[in-house]
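Here is what each chain is made of, one letter per residue.
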Amino acid sequence: MDTSSSATRAAIAALRPGRRPGRLLLIFSLGLAACGNSSDDDDGAASDGSSDSGATAVELLDALPADGTTLFDPGIPDITLSHLGYADFSVAVSGDCAEGTTVERTLVEVSTDFDALFEHDQVCDGLRDNGAFETLVEATRDDGDRYSARLDFSTTIATAPELQVQDSVTTPRDSAGEMFRTFLEDSLIGSLEIPDALASLIEGAVEAVAESAYAELLDADPLFGVSAQRVTYASRRPDGSASQELTGLVAFPDTTAGGFTPRDSIIVLSHSTAVTPSDLDPGNGWYVVASLFAARGYLVIAPDNWGRGGTDTEPETFLMATRTAANSLDLIRAVLADPAYTPVRGSDPPRVTLVGYSQGGHTALALWQAIAAQESGLEVPAVHAGAGPYNLYAMARGVVQHVNGSCNGDAYCRFVTDQATVPFLSERVLPGYVAYAAENLLLGDLVEEGTLTPSFVEGFLGADPAFDDLKGLLQQGSFTNITGGLEALGGAGTRFTLIHSPFDRLVPIANTEELVSVLEPHFPVEFRTETCNSAAYEAVFDATDRVGISHTLCGFEMLNDVYAEMR
């Protein structure tokens, strides 16, 4: 369907019933008769969108698996569904996947009067092959009004979580110690794209950062040689259907020389933008760091996002929290189930330390939420997250304001540039969200020749209901707006260590400042404000408006700190 014109979008909005104050009366694509919502029934069902029970049907904003999916792997024990609602909802979940946790977020700037977003991370107990299943959400407001949302899906035949090793690289102990130095000299500095006119000044600042901030990685002191593998594993596509195409990296110490004692935690690395750990590329910093952790005795897992590695012909699930977390969790489960890694996996129950920077910082938060919410049997002693777009909606809105010329100088649009930050939204965020979740939109209507279309900019900043789903999805992909449910995740006792350079032009520090205020009432949080805050960073900030230089440099300073802490 062509949605390129305002008139067409208005027609689509008119076909989405019930957008009126106090209600969202939307119709499911499946299961209407079972819910009693068919308007031509003669059995007394209400024709205004209410069910026989008097509850108003609310459309799912998103679900994994998607509503109506027919090929969900019954061996996967969790699902996620979300919907809009009101802050005074009292929610109950029932059906085949009814155990889990509900996280509530604030909702802003949509055309309805809904003011909250609910995400249900649920555990499925013993799904059978080739079966049909449902999950029902029932909500009641303080005034007694009732609402319901429903997810229907069916399964295929269960697939064992067995890993397949596609490629492997062995690094001797003596060579492992030089990996980061070689990467720094051959790859990192060249990747910063320092302008020629500023090369002498900025290169000096970069060298100053490297000398003081990367000391632990440069003096890695490996204890073991390393085996690094590119693996495939059973997981799920972005619609939730079964897949064995996803790839990831597994790195572990060579223990044949003896003297090995398993560490008390597995390390899970969540990669940053445009990085594919499973490439086993010595010019890839995440592969290098994974190998250094493995050389110190750790089992290291580094998933590729969908859209990278073995699935690189499809749009990436960039900053799609539910999906990146689900694929990462599936890889963790597959590694833990494989007896080949038992000698190096450590404690039981398994403990996993999550580490991510930038896009990976966002993924690390999403993965922590999924592990804690779904009672997965894993313990997460620590999350190390750096410079993530934790307020994804504000980041996206800041880009749109910049394009519109309406930036008011706030933290989220102040440093937006056409060259770097606009492509963050147009080339990275929107393709995945439109392909896999915002099904009422076409990417060509939002992005044209690398920039945002005027109709999208106007509609997104206005009250055009055609963009409500996208706004809701971006807010679901944020963490700074969480208002309920964190207390239910607190039992894991996770310690959060957060870093963010005040000189970061690409991802504003306001993201982490807001996240700290959300997490601190429930968890031990250390916000290391001294990290990435030296005179050298300030010199880079003052010398150029190239947004990615300080951001990239800070990522390896964070990894250096984590390496020092876990040596």
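Preceding this paragraph is the structure being described.
Our subject in this report is the structure included herewith. Given the structure is predicted, the values throughout are model-derived calculations rather than measurements. (Residues numbered from 1 in each chain as written. Predicted model: local features only at pLDDT ≥ 70, side-chain atom pairs only at ≥ 80, totals over all residues. Heavy atoms only, no water.)

Observations regarding the pairing of strand 4 (residues 60-64)
Next, step 1: Of all the 5 residues making up strand 4, 5 are buried; the element is thus mostly covered by neighbouring parts of the structure.
Next, step 2: Note that strand 4 and strand 5 (residues 78-85) share 4 bridges and pair antiparallel. Along strand 5, the bridge assignment pairs Leu 64 with Thr 80. (Buried < 20%, exposed > 50% of the residue type's maximum accessible area, 1.4 Å probe, protein only. Helix = DSSP H or I, 4+ residues; strand = E, 2+ residues; numbered from the N terminus. Pairing = 2+ DSSP bridges.)

Some words on the state of the cysteines
Next, step 1: All told, the structure shown has 3 disulfides when counted by the stated rule.
Next, step 2: Here Cys 407 is linked by a disulfide to Cys 413, with a sulfur-sulfur distance of 2.1 Å. Its S-S torsion of about 80° marks the bond between Cys 407 and Cys 413 as right-handed, since a negative value means left-handed.
Next, step 3: The disulfide partner of Cys 532 is Cys 554, and the gap between their sulfur atoms is 2.0 Å. With the S-S dihedral at roughly 90°, the linkage between Cys 532 and Cys 554 falls on the right-handed side. (Disulfide = S-S within 2.5 Å.)

Structural notes on the packing of helix 10 (residues 392-404) against helix 11 (residues 421-436)
Next, step 1: Interhelical geometry of helix 10 versus helix 11 gives an angle of 125° and a closest axis separation of 10 Å. On the basis of their axis angle, the class for helix 10 and helix 11 is oblique. At the point where helix 10 passes helix 11, the crossing takes the left-handed sense. In this structure, helix 10 uses Leu 392, Met 395, Ala 396, Val 399, Val 400, His 402 and Val 403 to contact helix 11, whose residues at the interface are Thr 421, Val 422, Phe 424, Leu 425 and Tyr 433.
Next, step 2: For the contact of helix 10 with helix 11, the per-class residue count stands at 10 nonpolar, 2 polar and no charged. (Axes fitted to C-alpha atoms, helices over the stretch in contact; angles between N-to-C directions. Parallel < 35°, antiparallel > 145°, perpendicular 65-115°, else oblique. Left-handed = near helix turned anticlockwise from the far one by under 90°. Contact = heavy atoms within 4.5 Å. Nonpolar A, V, L, I, M, F, W, Y, C, P; charged D, E, K, R; others polar.)

Observations regarding unusual backbone geometry
Next, step 1: Across the junction of Leu 64 and Pro 65, the peptide omega takes the value 10°, indicating a cis bond.
Next, step 2: Secondary-structure assignment places Pro 65 in the loop between strand 4 and strand 5.
Next, step 3: Unlike most non-glycine residues, Asp 221 shows phi in positive territory, near 55°.
Next, step 4: Within the fold, Asp 221 resides in the loop between helix 6 (215-218) and strand 12 (226-232).
Next, step 5: Given the relative accessible area of 39%, Asp 221 is considered partly exposed.
Next, step 6: Here Cys 532, not a glycine, exhibits a phi torsion of approximately 60°, which is positive.
Next, step 7: Following the sequence through the fold, Cys 532 ends up in the loop between strand 24 (525-527) and helix 16 (535-543).

Observations concerning the side chain of His 500
Next, step 1: Looking at the element boundaries, His 500 is found in the loop between strand 23 (495-499) and helix 15 (510-519).
Next, step 2: Given the relative accessible area of 1%, His 500 is considered buried.
Next, step 3: There is a polar contact of 2.7 Å between the side chain of His 500 and the side chain of Thr 512.
Next, step 4: Those residues in contact with His 500 that lie beyond four places of it in its chain are Ala 387, Gly 388, Val 507, Pro 508, Ile 509, Asn 511, Thr 512, Phe 527 and Thr 531. (Polar contact = N/O pair within 3.5 Å; in protein donor to acceptor, adjacent residues only side chain to side chain.)

Examining the layout of surface pockets
Next, step 1: Reported here for the largest pocket is a volume of approximately 1,200 Å³.
Next, step 2: Taken together, 43 residues make up the lining of the largest pocket; nearest its centre are Thr 273, Leu 506, Gly 548, His 551 and Thr 552.
Next, step 3: Mapped onto the lining of the largest pocket, the elements with two or more residues apiece are helix 4 (179-191), helix 7 (285-295), helix 11 and helix 17 (548-566).
Next, step 4: In terms of residues, the lining of the largest pocket owes the most to one element, helix 17, which gives 7 residues.
Next, step 5: Of the residues assigned to the lining of the largest pocket, the class counts are 19 nonpolar, 17 polar and 7 charged. (1 Å grid on protein atoms, 1.4 Å probe; cavity = no way out; pocket = protein on both sides within 12 Å on 5 of 7 lines; lining within 4 Å. Points joined across faces, edges and corners; volume = space filled by probe spheres on them.)

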